[in-house]
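# What the coordinates show
Letter by letter, the chains look like this.
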Amino acid sequence: SSSTSSLPSWVPDWRIKVDPTVVPLMVSQSARDHIGNLRPLKASDYSVMYSASGNTKPRVRFEAPGSIVCEGIFLDFVDGLGGCIPDADVCAPCPIVPSTSVINASSVNQDDSRVGDAHHLMMKICRSLVLDRKDVYLRHPSPIEKYLKDFQLFCSTAMSRPSKVDPMFINWILLNKSLKVQGSDIESLSKRAAGSIPTSRVSLFDLSDEESFLARFRDTTKKMNRRLLVSQKGMLGMAPIKAKKGD
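Read on for a plain summary of the structure. Here, residues in each chain are numbered from 1, in the same order as that chain's written sequence. In view of the model being predicted, local features appear only for residues whose pLDDT reaches at least 70, and side-chain atom pairs are presented and counted only at 80 or more, with totals across whole chains, interfaces and linings using the full set of residues. Just so you know, side-chain values use all the structure's heavy atoms and leave hydrogens and water out.

What counts as a ring pair is set by centres within 6.5 Å for rings of Phe, Tyr and Trp (its six-membered ring), and what kind of pair is set by the plane angle: stacked under 30 degrees, edge-to-face over 60, tilted for all other angles. On inspection of all chains with the given rule, the structure shows ten aromatic pairs. Ring centres of Y147 and F213 lie 6.2 Å apart, and the angle between their planes is 65°; on these two criteria the pair is classed as edge-to-face. Of this pair, Y147 sits in helix α3 (residues 144–160) while F213 sits in helix α6 (residues 213–223); the two residues are 66 residues apart in sequence, bridging distant segments of the chain. Considered together, Y147 and F213 belong to a single accessibility category, that of buried residues. Clustering of aromatic rings is evident, with ring pairs tying together Y147, F151, F154, F169, W172, F213 and F217. Under the scheme used here, helices are H or I runs from DSSP no shorter than 4 residues and strands are E runs no shorter than 2 residues, and both carry numbers assigned from the N terminus. Partly exposed describes any residue whose relative accessible area lies between the buried limit of under 20% and the exposed limit of over 50%, with all areas from a 1.4 Å probe on protein chains only and scaled to the type maximum.

Right under this line is the structure:
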């Protein structure tokens with residue numbers, strides 16, 4: 001919701017005008033010949049199903065004209081938020097909001113058992129940055145093993161030879177490298193995971209492949225203006241640019 005709304009910041013405010021990432025055209029784009037539907041090209045080609053609530057039926061009721069009450073599922077509170085540099089017409093750049101919960105802020109010693117989790121945390125961060133999808137229509141799961149190798153290459157090169165990496169990613173890593181997740185910041189996670197994640201051979205500038213890690217990273221962080229989120233329990237995800245600590 002907007003900053004002037006009485007609703008919490010995590011509640012969608014459908015009155016706000018938002019430019020969508022993908023705009024379907026009302027033309028012949030379906031498997032049929034007629035014109036007039038809004039389905040994207042090859043809409044019937046998908047390999048993911050959305051069912052976050054499992055078999056739980058939605059609980060919805062109308063209380064007054066123009067008012068609908070929906071029951072949600074509580075997961076956790078927002079703890080840390082990554083920084084982002086949105087398009088100029090969206091809002092000003094957002095600095096990181098440090099993680100402060102015990103799980104996130106407690107330092108990890110080199111002999112700590114959690115050191116071995118660096119690989120898995122890097123994978124979760126990578127999965128979040130691409131919304132775990134390989135296409136802009138969010139129809140297919142991401143090739144996460146490939147994306148993880150690319151992500152590790154971007155991180156390691158950005159910290160050693162920044163001139164060799166797309167400036168968009170450089171800006172992101174500079175803003176977010178100190179964000180703590182389960183006791184470790186992103187920079188140290190990348191360094192510790194380097195030995196267990198073989199890097200790939202991929203262009204660190206090429207955006208022509210719409211299903212590459214860099215293109216999907218751009219879609220999420222720039223086009224959709226999403227920022228990395230760390231919950232109080234250390235869960236990861238992507239949040240709207242105006243999300244707040246405590247949401």
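Next comes the rest of the description.
With that settled, consider the packing of helix α2 (residues 118–129) against α6. Between N-to-C directions, angles cover 0 to 180 degrees, with each direction set by a line fitted to C-alpha atoms, over the stretch in contact for helices. Running from amino to carboxyl end, α2 crosses α6 at an angle of 65°, the nearest separation of the two axes being 8 Å. Here α2 lies roughly perpendicular to α6, going by the angle between them. For the pair α2 and α6, contact is made by C126, S128 and L129 and by F213, R216, F217, T220 and T221, respectively. Under the scheme applied here, ten amino acids are nonpolar (Ala, Val, Leu, Ile, Met, Phe, Trp, Tyr, Cys and Pro), four are charged (Asp, Glu, Lys and Arg), and all others, including Gly, are polar. Among the residues forming the contact of α2 with α6, the class breakdown is four nonpolar, three polar and one charged. Roughly parallel here means an angle under 35 degrees, roughly antiparallel means over 145, roughly perpendicular means 65 to 115, and every remaining angle is called oblique. In what follows, residue pairs with any heavy atoms lying within 4.5 Å of each other are defined as contacts.

With that out of the way, let us pick up the pattern of salt bridges. Note on definitions: salt bridges are taken to be side-chain nitrogens of Lys or Arg within 4 Å of carboxyl oxygens of Asp or Glu. Following the criterion strictly, the structure yields twelve salt bridges and no others. The salt bridge involving D219 is made with R216; its shortest N-O contact spans 3.0 Å. In this pair, D219 and R216 both sit in helix α6, three residues apart, roughly one turn of the helix. What makes D219 buried here is its relative accessible area of 1%. Its relative accessible area of 1% is what places R216 among the buried residues. The partner of K223 in a salt bridge is D219, and the shortest N-O contact between them spans 3.8 Å. Here the residue K223 and the residue D219 both occupy positions in helix α6, the gap between them amounting to four residues, near one helical turn. Residues participating in the shared-partner salt-bridge network are E210, R216, R218, D219 and K223.

A separate point is the sheet that holds strand β7 (residues 236–240). Strand order across the open sheet formed by three strands is β3-β6-β7, with antiparallel pairing between neighbours. Both edges of this open sheet fall to β3 (78–81) and β7, since each of them pairs with a single strand only. Neighbouring strand axes in the sheet, compared pairwise and without regard to direction, differ in orientation by 45° on average. Relative to β7, strand β6 (residues 226–231) runs antiparallel, the two being bridged by five bridges. Counterpart to L228 in the pairing with β7 is M238. In this analysis, strands are considered paired if DSSP registers two or more bridges between them.

It is worth spelling out the side chain of R218 at this point. Along the chain, R218 falls in helix α6. Since its relative accessible area comes to 13%, R218 is described here as buried. Counting of polar contacts relies on pairs of N or O atoms within 3.5 Å, with two restrictions inside protein: one atom must be capable of donating a hydrogen and the other of accepting it, and residues adjacent in sequence are counted only when both atoms are side-chain atoms. In this structure the side chain of R218 is engaged in a polar contact, spanning 3.0 Å, whose partner is the side chain of E210. With sequence-adjacent residues up to four places away left out, R218 is seen in contact with M168, L207, E210 and K223.

To estimate the expected span of a helix, subtract one from its residue number and multiply by 1.5 Å. An ideal rise of 1.5 Å per residue puts 16 Å on twelve residues; α2 measures up with 16 Å between its terminal C-alpha atoms. Summarising burial for α2: nine of the twelve residues are buried, a large majority. For α2, the set of buried residues is A118, H119, L121, M122, M123, I125, C126, S128 and L129. Backbone geometry just downstream of α2 places L131 in the positive-phi region, at approximately 55°.

Okay, helix α4 (residues 167–176) next. By the burial criterion, the buried members of α4 are M168, F169, I170, W172, I173 and N176. In this fold, the buried residues of α4 make contact with α2, α3, α5 (186–193), α6 and β6. Near the N-terminus of α4, the side chain that reaches the backbone nitrogen of M168, with its oxygen 2.8 Å away, is that of D166.

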